[in-house]
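Tertiary structure, described
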Amino acid sequence: MSAQLLSYTPLLLKAALVTIWLSWLALLIGAVGGTLVALARMSTFLPLRLLALLFTEFFRSIPILIVLFFVFFGVPLIFGLDLSPFAATTIALALHATSTMSEVIRAGLESVGKGQWEAARAAGMTYWQMMRHVIVPQALRVILPPSVGVYIATLKESSLASIIGYVELTKTGLLIRETMGSSFVPLLLLALIYFLINYGISLGGAALERRFHVNTRLMTAGAGQ
Amino acid sequence: MTDTVLQFDNVVKRFGDRTILDGVSTSVQSGEIVCFIGPSGTGKSTLLRCVNGLETIEGGAIRFEGTPVQAKQRSIIDVRRRIGMIFQHFNLYPHLTALENVMLAPVIVHGENRKTVEERARGLFEKVRLSHRINAYPAQMSGGEQQRVAIARALATNPHILLFDEPTSALDPETVGEVLAVMRDLAVEGRTMLVVTHEIRFAADVGTRMVFLDGGKIVEEGNPREMLAAPRSERARRFLSTISNAAH
Ligand SMILES: Nc1ncnc2c1ncn2[C@@H]1O[C@H](COP(=O)(O)OP(=O)(O)OP(=O)(O)O)[C@@H](O)[C@H]1O
Ligand SMILES: [Mg+2]
């Protein structure tokens, strides 16, 4: 039996890569979308602010599986546009990641004191110069740690794609299980692979944070000249 | 003949239904050092912040070198590029070293060459007597040092006027002197300065004009020494006697 399992290794590895890629893509879209939504939330234009609030609350409150069904079954019905399971899953996960990331990014931007925005504006910076050189570098320290958490959450949620028949890691594991007469072993193996991936991301995130932390220590304490 | 750098015409500022500035009219000529004094909450900071459009005004007009200051228009960027501001709490960029703080605006806002800017920045650090702290981060410096870096940062873009909002009131007493000394140097150079301060001695020694603000209005203005010796209004007299008592 273990020999049989071993023969599935390339398949599982490929599936793991698909899952990593899928959730990474969703996270990237979520980071860009989340930035836009966060800026809209902080806008002085009330309708924009309300729209962003509605978006965030909406996708935060609805199970991702429902969103996935809406995207996968609803979009073809409404727009007559067939989505591949991959596209549907990416969109559903990205919508959810956008709503989460918008809150993370907003908290980061708001953690930068009012005096920083004023100093940058008083120096004659445009909005984007201020963001790029003053606000974002400081906000990143606050944004980075929870972003790692969002990536891990997104990666776990991507297993929902198995329900609409997309062959990512979970689906691959379940298919292997069928060929092995409903054995318990493939499930264990699945859990182990998810654990290893996410633990790796955690470690990577921690390393990134440490790098930022060196700067942070300089910024907040007297490390001497 | 002097040039008018700044002109306030009947400026009105409201926060909600509270009128903070209630018809302020005055002007600042090139080379003048105008010191604003007055009780807390009277609108001194607000007036300063209206000059570079950090606040909008609800009535009247402010002109900087002939251009109307309009906080919500794109033209405000151009106004800000010719004004240097020094804040009570310094507001240095904590993620940048002292040198990077000073170089940022000239390089990214004014598009100047890094080398030229760095040379000028080093000169400015000499001027504020901080050449040895060029690579320190703000968090590694005392308040007095940070405020002197902030002054160097403001000077780096060759502004036509400097706005100071209580530059020494967040400092430990022992570092107030080093910041005032730098400001005196600037006065000697003939810089145009608008200073909100409670340092009456500084205002008397260095100021070319003193403006007493109370309840959102200019109550009295004139030569600082004359005004200190013999304030014309009852309110100025009362205010000056309270703060000179507090200073002793
Ligand atoms: N953003 C704001 N929103 C509402 N009210 C404000 C705002 N900023 C200032 N104020 C109010 O405007 C009034 C004037 O404030 P300002 O800071 O200009 O006074 P000030 O003369 O500088 O006082 P101080 O000597 O204490 O610095 C105060 O009553 C203050 O509470
Ligand atoms: Mg004030």
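In this text the structure is predicted, and so the values were computed from the model without any measurement.

**Quick look at the pairing of strand S3 (residues 33–37) of chain B**
Residue and element names in this part refer to chain B.
- Where burial is concerned, most of S3 is hidden: 5 out of the 5 residues are buried.
- Of the two faces of S3, the one lined by Ile33, Cys35 and Ile37 and the one lined by Val34 and Phe36 are each fully buried.
- Both S3 and strand S8 (residues 193–196) contribute to a ladder of 4 bridges, which runs parallel. Residue pairing in the sheet places Cys35 in a bridge with Val195 of S8.
- Pairing analysis gives 4 bridges linking S3 to strand S9 (residues 209–214), with the strands arranged parallel.

**Overview of a nonpolar patch on the surface**
Residue and element names in this part refer to chain A.
- Taken together, the side chains of Leu192, Phe195, Leu196, Tyr199 and Leu203 define a hydrophobic patch exposed on the protein surface, amounting to about 530 Å² of accessible area.
- Looking at where Leu196 falls in the secondary structure, it is placed in helix H9 (residues 185–220).
- Among the residues examined, Leu196 registers a relative accessible area of 51% and is labelled exposed.

**What to know about the site of ligand 1**
Residues and elements named next belong to chain B.
- With respect to spatial proximity, 13 residues lie near ligand 1, and among them Arg18, Ser40, Gly41, Ser45 and Thr46 are the closest.
- Between ligand 1 and Ser40 there is a distance of 2.5 Å, counted from an oxygen atom to a side-chain nitrogen or oxygen.
- Contributing elements (two or more residues each) for the shell around ligand 1: strand S2 (18–29) and helix H1 (44–51).
- At 3 residues, the largest contribution of residues to the shell around ligand 1 is made by H1.
- Residue composition of the shell around ligand 1, by class: 3 nonpolar, 7 polar and 3 charged.

**Thoughts on the environment of B:Ile243**
All names here are of chain B.
- Tracing the chain through its elements places Ile243 in helix H9 (residues 234–247).
- By relative accessible area, which is 19% here, Ile243 ends up buried.
- Taking the C-alpha atoms as reference points, Ile243 and Gly38, 205 residues apart in sequence, are found 9.8 Å from one another.
- Leaving out residues up to four positions away in the same chain, Ile243 has contacts with His198 and Ile200.

**Comments concerning the packing of helix H6 (residues 114–122) of chain A against helix H7 (residues 127–157) of chain A**
Residue and element names in this part refer to chain A.
- The interhelical angle for the contact between H6 and H7, taken along N-to-C directions, is 165 degrees, at an axis separation of 10 Å. Comparing their axes, H7 and H6 come out roughly antiparallel. Helix-helix and strand crossings are classified by hand; for H6 and H7 the assignment is right-handed. From H6, Gln116, Trp117, Ala120 and Arg121 reach across to H7, where they touch Met130, Met131, Val134, Ile135 and Gln138.

**Digging into the environment of B:Ile86**
- Structurally, B:Ile86 can be placed in strand S6 (residues 83–86).
- Along the backbone, B:Ile86 and B:Arg148 are 62 residues apart, and their C-alpha atoms lie at a distance of 9.5 Å.

**A short note on the environment of B:Ala229**
- By secondary structure assignment, the location of B:Ala229 is in helix H8 (residues 224–229).
- In this structure the C-alpha to C-alpha distance between B:Ala229 and B:Glu189, which are 40 residues apart in sequence, comes to 27 Å.

**Details of the packing of aromatic side chains**
Residues and elements named next belong to chain A.
- Counted under the stated rule, the structure contains 9 aromatic pairs over all chains.
- Summarising the aromatic geometry, the rings of Phe86 and Tyr166 are spaced 5.8 Å apart at their centres and angled 55 degrees between planes, so their arrangement reads as tilted. Of this pair, Phe86 sits in helix H5 (residues 85–110) while Tyr166 sits in the loop between H7 and helix H8 (169–179); the two residues are 80 residues apart in sequence, bridging distant segments of the chain.
- Given the relative accessible area of 24%, Phe86 is considered partly exposed.
- With 5.1 Å between their ring centres and 85 degrees between their planes, Tyr127 and Trp128 make a pair best called edge-to-face.
- Judged by relative accessible area, which is 58%, Trp128 ranks as exposed.
- Members of the aromatic cluster, each reached through a chain of ring pairs, are Phe55, Phe58 and Phe59.

**Brief notes about the sheet that holds strand S7 (residues 161–165) of chain B**
Residues and elements named next belong to chain B.
- Here we have 6 strands laid out as an open sheet, ordered S6-S7-S8-S3-S9-S10, and mixed in their pairing. The open sheet has two edge strands with one neighbour each: S6 and strand S10 (217–222). Across the sheet, the mean angle from the axis of one strand to that of its neighbour is 15 degrees, orientation sign disregarded.
- For S9 and S10, the ladder comprises 5 bridges, and the chain directions are antiparallel. From the neighbouring strand, Leu213 faces S10, where its bridge partner is Ile218.

**Things to note about the pairing of S8(B)**
All names here are of chain B.
- Judged by which residues are buried, S8 turns out to be covered on both faces: Met193 and Val195 on one side and Leu194 and Val196 on the other are all buried.
- The pairing of S7 with S8 spans 4 bridges and is parallel. When the bridges of S8 are listed, Phe164 appears paired with Val195.
- You can see the chain leave S7, run along helix H6 (residues 173–188) and come back into S8, and the turn it takes is right-handed.

**Observations regarding the confidence of the model for chain A**
Residue and element names in this part refer to chain A.
- Mean pLDDT over chain A stands at 89; residues scoring 70 or higher make up 94%.
- Within chain A, the lowest mean pLDDT, 78, falls on helix H1 (residues 2–7), and the highest, 97, falls on H6.
- Below a pLDDT of 50 lies the segment residues 221–225, which in the model reaches 10 contacts outside its immediate sequence neighbourhood of four places, other chains included.

**Considerations on the pattern of salt bridges**
- This model, assessed by the stated rule, comprises 27 salt bridges over all chains.
- The partner of B:Glu178 in a salt bridge is B:Arg148, with the nearest N and O atoms 3.1 Å apart. Note that B:Glu178 is positioned in helix H6 and B:Arg148 in helix H5 (residues 143–155), a separation of 30 residues in sequence.
- By sharing partners, the salt bridges in this structure join A:Lys114, A:Glu118, B:Lys13, B:Arg49, B:Glu55 and B:Glu58 into a single network.

**Brief notes about the interface of chain A and chain B**
- In this complex, chain A contributes 24 residues to the contact, which on the side of chain B involves 27 residues.
- Together, the buried faces of chain A and chain B total about 2,200 Å²; carbon and sulfur atoms form 56% of this surface.
- At the boundary of chain A and chain B, one finds 1 salt bridge.
- The partner of A:Glu118 in a salt bridge is B:Arg49, and the shortest N-O contact between them spans 2.7 Å.
- One can count 6 residue pairs in polar contact (both at pLDDT 80 or more) joining chain A with chain B.
- Where the side of chain A that touches chain B is concerned, the elements lending two or more residues are H6, H7 and H9 of chain A.
- For the side of chain A that touches chain B, the leading source of residues is H6(A), giving 7 residues.

What counts and how
Within any chain, residue numbers begin from 1 and follow the written order of that chain's sequence. To read the labels, note that chains go from A and ligands from 1, taken in the order they are written. In keeping with the predicted nature of the model, local features appear solely for residues at pLDDT of at least 70, side-chain atom pairs appear and are counted solely at 80 or more, and the whole-chain, interface and lining totals rest on all residues. Based on all heavy atoms of the structure, the side-chain values leave hydrogens and waters out of the count. With a 1.4 Å probe rolled over the protein chains alone, any residue whose accessible area is under 20% of its type maximum counts as buried; one over 50% counts as exposed, and the rest are partly exposed. Only runs of H or I of at least four residues qualify as helices and only runs of E of at least two qualify as strands under DSSP, and these elements are numbered from the N terminus. Only strands that DSSP links by at least two bridges are regarded as paired with each other. Two distance rules govern patches: like charges are joined within 9 Å, and nonpolar side chains (Val, Leu, Ile, Met, Phe, Trp, Tyr) within 5 Å, applied only to residues with over 30% relative accessible area and no salt bridge. Note on areas: these come from Shrake-Rupley sampling with a 1.4 Å probe, and a residue is covered only by the protein chains present in the view. The term salt bridge refers to a side-chain nitrogen of Lys or Arg lying within 4 Å of a carboxyl oxygen of Asp or Glu. Put simply, a residue is near a molecule or strand once any heavy atom of it comes within 4 Å of that molecule or strand. By the criterion applied in these results, polar contacts are pairs of N or O atoms within 3.5 Å in which, for protein atoms, one can donate a hydrogen and the other can accept it, and in which residues neighboring in sequence qualify only through two side-chain atoms. Here the nonpolar group is Ala, Val, Leu, Ile, Met, Phe, Trp, Tyr, Cys and Pro; Asp, Glu, Lys and Arg are the charged ones; every other residue, Gly included, is treated as polar. Here a residue-residue contact requires only that any non-hydrogen atoms of the pair lie within 4.5 Å. Lines fitted to C-alpha atoms define the axes, with helix axes restricted to the stretch in contact, and inter-axis angles between N-to-C directions lie between 0 and 180 degrees. To sort the angles, those under 35 degrees are grouped as roughly parallel, those over 145 as roughly antiparallel, those from 65 to 115 as roughly perpendicular, and the leftovers as oblique. Two helices crossing with the near one rotated counterclockwise from the far one by less than a right angle form a left-handed crossing, whereas a clockwise rotation gives a right-handed crossing. Between the rings of Phe, Tyr and Trp (Trp by its six-membered ring), a pair exists once the centres lie within 6.5 Å; its type follows the angle of the planes, with under 30 degrees stacked, over 60 edge-to-face, and the other angles tilted. Handedness is read with the strands pointing away from the viewer; a crossover is right-handed when the path from the first strand over the helix to the second is clockwise. Think of pLDDT as the predictor's per-residue confidence, scored from 0 to 100. Buried area is calculated as the accessible area (1.4 Å probe) missing from two parts once they are joined, with the contributions of both summed.

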